[in-house]
Amino acid sequence: MAAPYNHRAIETKWRKHWEEHPVNVDDGKKPKYYCLDMFPYPSGNGIHVGHWRGYVLSDVWSRYKLMQGYYLIHPMGWDAFGLPAENYAIKMGIHPAISTAENVRHFKEQINQIAAIYDWDREVNTTDPEFYKWTQWIFVKMFKEGLAYEKEFPINWCPSCKTGLANEEVVNGCCERCGAPVTKKNLRQWMLRITKYADRLLSGLDGLDWPEKVKKMQTDWIGKSYGAEVDFAIDGRDEKITVYTTRPDTLYGATFMVLAPEHELAASLATPETKEAVDKYILDSSMRSNVDRMQDKEKTGVFTGSYAINPLNNAKIPIWLSDYVLADYGTGAIMCVPAHDDRDFEFAKKFNIPIIQVIAKDGKEIENMTEAYTDASGTMINSGEWNGMESAVLKKEAPHMIEKRGLGHATVNYKLRDWVFSRQRYWGEPIPIIHCPHCGNVPVPEEELPLRLPEVESYEPTGTGESPLAAIDEWVNCKCPVCGADAKRETNTMPQWAGSSWYFLRYVDNKNDKELVSKEKADKYLPVDMYIGGVEHAVLHLLYSRFYTKFLYDIGAIDFDEPFQKLFNQGMITGKNGIKMSKSKGNVVSPDDLVRDYGCDSLRMYELFVGPPELDAEWDDRGIDGVYRFLNRFWKLALDSREAKVAENKEMVKLRHKLAYDITQRLENFSLNTVISGFMEYNNRMIELARKTGGIDQETVECFIRLLAPFAPHISEELWELYGHSESVFSTGWPQADEEAMKDDEIEIPVQINGKTKAVIMVPADISKEDAIARGREALGGKLNGTVVKEIYVPKKIVNIVQK
RNA sequence: GCCGCUGUGGCGGAAUUGGCAGACGCACUUGACUCAAAAUCAAGCGGGUAACACCGUGCCGGUUCGAGUCCGGCCAGCGGCACCA
């Protein structure tokens, strides 16, 4: 009688063994493989089964690569700056550094339950001064390159978190963190000129093996558009108004112009008659929040009383103000062609402005227009010298034609805005800048970094737009590093994204106190080959990291400019009915009990078995019984077979190669749920075979053990040892399938009449068409009772007899 | 509103280039073992029928010898963007 599967004893044993005998070692000869997890924020709540999913995915992939002969970079670290630690500090009066350290300790303990093959020597923590020294160093470099600059303007402000936010952090007009509606606040801000990289951030996407969805989200976020800036004279005045349009082909159809209420000329365009209404509109707009502006579908606006001159035909068109025009995109002014733009159409209808069609749809004007015709397809009409041209052609040529005539120029625009980079909070990296009354903004000298975050009495955000650091006089007051005059430190801190934008570089050289990363190690181990994490960072962390990487490439710190070659987004694990797991909902499933009762190996496999890894999955505890039973059955089969010592037969050899082939294929396709079902299926087949023979031959069982190892490392390592091996199962290489050995001599073929299966026949795999059809007809017998019009045989697939 | 993804048993989900729909697992039913239960093992498990037939992959249509898969048109759910001119 074989000993029962004791997961606790086995897992404890091998955990200890691997610690003493690591299996992932750099011998300098193996190629590297860098498989990275998105590092977690170590919250006080610990981890749940949802965290496990991503970490198990990356570990399975890593161990697979390890068995294929790579040296793994598979590190873990902590994204530990941020609001929760600070809020906790405020509530409990404990320094965030202390609560963070405690959370890290707890998180690490829980993550170790997964038995992932992390290299803890590479661990990083964004709040460690030796780490944020380099976060600050990058900022100083950006400042010196003119990429970090100060600006005062109305930014997104979260009144609940009491800090400014980047555009990327505003979701549906609300704070990404806490959900409070975001307001505008005029603040002096540090900005990063990410827009300078807009084109490269766009073109770089082409070569990346990323989900199309994420690439598209970044593409849309960057929002590149081609068009023209056109100058309109103002009737009776010397100034011009420049508008941006992507449809210069419709210029003859412009019947009015709209300026954003914040446009610099807005107020001055009012006439004595309109002044009151114009001033009121400008004031009202400035009071309205983002959410307000977004929820209002109905267009509002006010006529200024002034007119612009269409440069092509000298038509006088009224100038309006409306908040549907954004001040910070394009020129803050647009020409309006209601016949061919939805928004302009709506506005014209509401305010009774004429509509002139300039593109004939299907050769004629649309009668009684009820909506704008926005396609650029059709022939130009009412357009002077452009009449008769194809609008699609003109759309491309018009910018250059306008440029030649000196009426404007071709240009491109981006939706991407510069990155609001300062936060008015305590628990972040201090921005290493000194404000000197004589020299202006001076960076902290590089050799003085890190600029340490000082201790404060109160972490509470002030809400005034000042950081809590502003209250520490002895820290704020300093000398200018250039001229020595009395100066003041910048008191804003960096956003949480600062550290996460580059942390993956540091893992490969985390103890280097001379450089961010040494050239040698960067060349050897970077960039990241596989990055695994949730999709929620598609335009946040993933865009910022690409920007940082491109910048570091430009200053020669690294010699690649895309950080993550391949990206995989795992789906979320939710509670019942797809509800996100959260403490407040009370639906969080902790892995602790499951590991205790079923073992780490079972939970690892079940995490994969719940569904396709890229899709969300509802957690159901009961399903884990299935994988647990499978491991028990395989355990028993393996031990019984070891006793039985049966010789291999043809079926076993075939099964072994098919198994290796199937598992590898599915793994390569990242179809990990079907890898698990594949193991179960083949195990059932082996049990079936063993009924006749008393067991399965050694080589086949060993092949199964090796394939199973990345998924269930403990039981595999134990069985490998029980099968008499002294080296680790992870050093045995990945089993190769011999496709010749997989081939069946005889195959099952369905026989159909008119496409409906009526019989199944066993035939030699290389049967001829004639024989196959003959055998098929024979099997059908009396069911074949009509006139046969066609006989089809698709080799190894099907016989189909078509009858009338 | 625009863009993208997804619709398959009671449930989670399988199905290379179109080729036996429902693999694998959960739940359930029955049987064996047991004083009994749990565990384990065996059998069954889309609808329908006594058994066939027949009907079944969101809905309607098309292509094809043959459609879950391809094409056209709808419907529903999820996600992204949200006046970017």
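Residues numbered from 1 in each chain as written. Chains lettered and ligands numbered in written order. Predicted model: local features only at pLDDT ≥ 70, side-chain atom pairs only at ≥ 80, totals over all residues. Heavy atoms only, no water.

K.L.:
When you look at the nonpolar core in this model, what are you seeing that I'm missing?
P.N.:
What tends to happen in soluble globular proteins is that the nonpolar side chains get buried as a cluster. Counting residues in each nonpolar core, the largest one holds 89 residues, and the members touching the most others are Met605, Phe679, Leu708 and Phe711. For this core, the element with the highest residue contribution is helix H2 (residues 49-67), accounting for ten residues. Here Met605 is in contact with Val627, Phe630, Leu631, Ile676, Phe679, Leu708, Phe711 and Ala712, once residues within four sequence places are set aside. Residues Tyr71, Trp210, Ile434 and Phe564 belong to the second largest nonpolar core, which totals 88 residues. (Core = buried A, V, L, I, M, F, W, Y, C linked by side-chain atoms within 4.5 Å. Buried < 20%, exposed > 50% of the residue type's maximum accessible area, 1.4 Å probe, protein only. Helix = DSSP H or I, 4+ residues; strand = E, 2+ residues; numbered from the N terminus. Contact = heavy atoms within 4.5 Å.)

K.L.:
Got a minute to help me understand the sheet that holds strand E5 (residues 148-158) in this structure?
P.N.:
Hydrogen bonding along the main chain pairs the strands of a sheet, whether they run parallel or antiparallel. Read across the sheet, four strands follow the order E6-E5-E9-E19 without closing on themselves; strand pairing throughout is antiparallel. Since the sheet does not close on itself, it has two edges, and those belong to strand E6 (163-165) and strand E19 (419-420), each with one partner. Across three bridges, the pairing between E5 and E6 is antiparallel. Its bridge partner lying in E6, Cys158 is registered against Thr163. (Pairing = 2+ DSSP bridges.)

K.L.:
What is the right way to look at the protein's contact with RNA strand B in this model?
P.N.:
Near RNA strand B, the surroundings consist of 49 residues, among which Thr246, Arg343, Lys415, Arg691 and Asn800 are the closest. Among all atoms of RNA strand B positioned within 4 Å of the protein, those belonging to sugar or phosphate total 60%. Within the backbone of Leu326, a nitrogen or oxygen atom sits 2.8 Å from a base nitrogen of RNA strand B. At 3.5 Å, a side-chain N or O of Thr757 approaches a sugar or linking oxygen of RNA strand B. Those elements giving two or more residues to the surface near RNA strand B turn out to be helix H7 (212-222), strand E11 (240-245), helix H19 (624-644), helix H21 (672-693), strand E28 (746-753), strand E29 (756-764), strand E30 (788-794) and strand E31 (798-803). Here the surface near RNA strand B takes seven residues from H21, the largest share from any one element. (Near = heavy atom within 4 Å. Polar contact = N/O pair within 3.5 Å; in protein donor to acceptor, adjacent residues only side chain to side chain.)

K.L.:
I'm lost on the side chain of Asn103 in this one. Help?
P.N.:
Positionally, Asn103 belongs in helix H4 (residues 96-112). Setting aside anything within four residues of it in sequence, one finds Asn103 in contact with Pro42, Ser43 and Gly44.

K.L.:
Where do I start with the sheet that holds strand E2 (residues 71-73) in this structure?
P.N.:
Read from one edge of the open sheet, four strands run E2-E1-E24-E25, paired in parallel fashion. Each of the sheet's edge strands pairs with one partner strand only, and the pair in question is E2 and strand E25 (564-569). Put simply, the sheet's adjacent strands are angled 25 degrees from each other on average, direction ignored. As paired elements, strand E1 (residues 32-37) and E2 share three bridges and run parallel to each other. (Axes fitted to C-alpha atoms, helices over the stretch in contact; angles between N-to-C directions.)

K.L.:
What am I meant to see in the packing of aromatic side chains here?
P.N.:
The relation between two aromatic rings is expressed through the spacing of the ring centres and the mutual angle of the planes. One pass over the full model with this rule turns up 48 aromatic pairs. Residues Phe39 and Tyr503 carry aromatic rings whose centres are separated by 3.6 Å and whose planes lie at 5 degrees to one another, so their mutual orientation is stacked. Here the residue Phe39 occupies a position in the loop between E1 and H2, and Tyr503 occupies one in helix H14 (residues 503-506), the gap between them amounting to 464 residues. Residue class for Tyr503 comes out buried when judged on its relative accessible area of 0%. Aromatic side chains Trp134 and Trp137 sit 5.6 Å apart centroid to centroid with 70 degrees between the ring planes, which places their arrangement in the edge-to-face category. Placement of the pair is Trp134 and Trp137 together in helix H5 (residues 129-144), with a separation of three residues, close to one helical turn. Each of the two residues, Trp134 as well as Trp137, counts as buried. (Phe/Tyr/Trp six-rings, centres within 6.5 Å; stacked < 30°, edge-to-face > 60°.)

K.L.:
Explain helix H3 (residues 83-92) here, please?
P.N.:
Every α-helix winds through 3.6 residues per turn, so residues three or four apart in the chain are directed the same way. Looking at H3, one finds that the buried residues are Leu83, Ala85, Glu86 and Ala89. Buried residues of H3 fall within an arc of 165 degrees about the axis and therefore sit on the same side. Where the residues of H3 are buried, they touch H4. In the stretch just after H3, Gly93 is the one whose phi turns positive, near 70 degrees. (Arc of directions from axis to C-beta.)

K.L.:
Looking at this structure, how should I read the packing of H3 against H4?
P.N.:
Helix-helix packing is described using two parameters, namely the angle between the two axes and the distance between the axes. For the pair H3 and H4, interaxial distance at closest approach is 9 Å and the crossing angle is 120 degrees. Classed by the angle they form, the pair H3 and H4 counts as oblique. When the axes of H3 and H4 are compared, the crossing they make is right-handed. Of the residues in H4, those touching H3 at Ala85, Tyr88 and Ala89 are Pro96, Ser99 and Thr100. Tallied by class, the residues present in the contact of H3 with H4 amount to four nonpolar, two polar and no charged. (Parallel < 35°, antiparallel > 145°, perpendicular 65-115°, else oblique. Left-handed = near helix turned anticlockwise from the far one by under 90°. Nonpolar A, V, L, I, M, F, W, Y, C, P; charged D, E, K, R; others polar.)

Everything listed here is a matter of geometry and, on its own, says nothing about what the molecule does.
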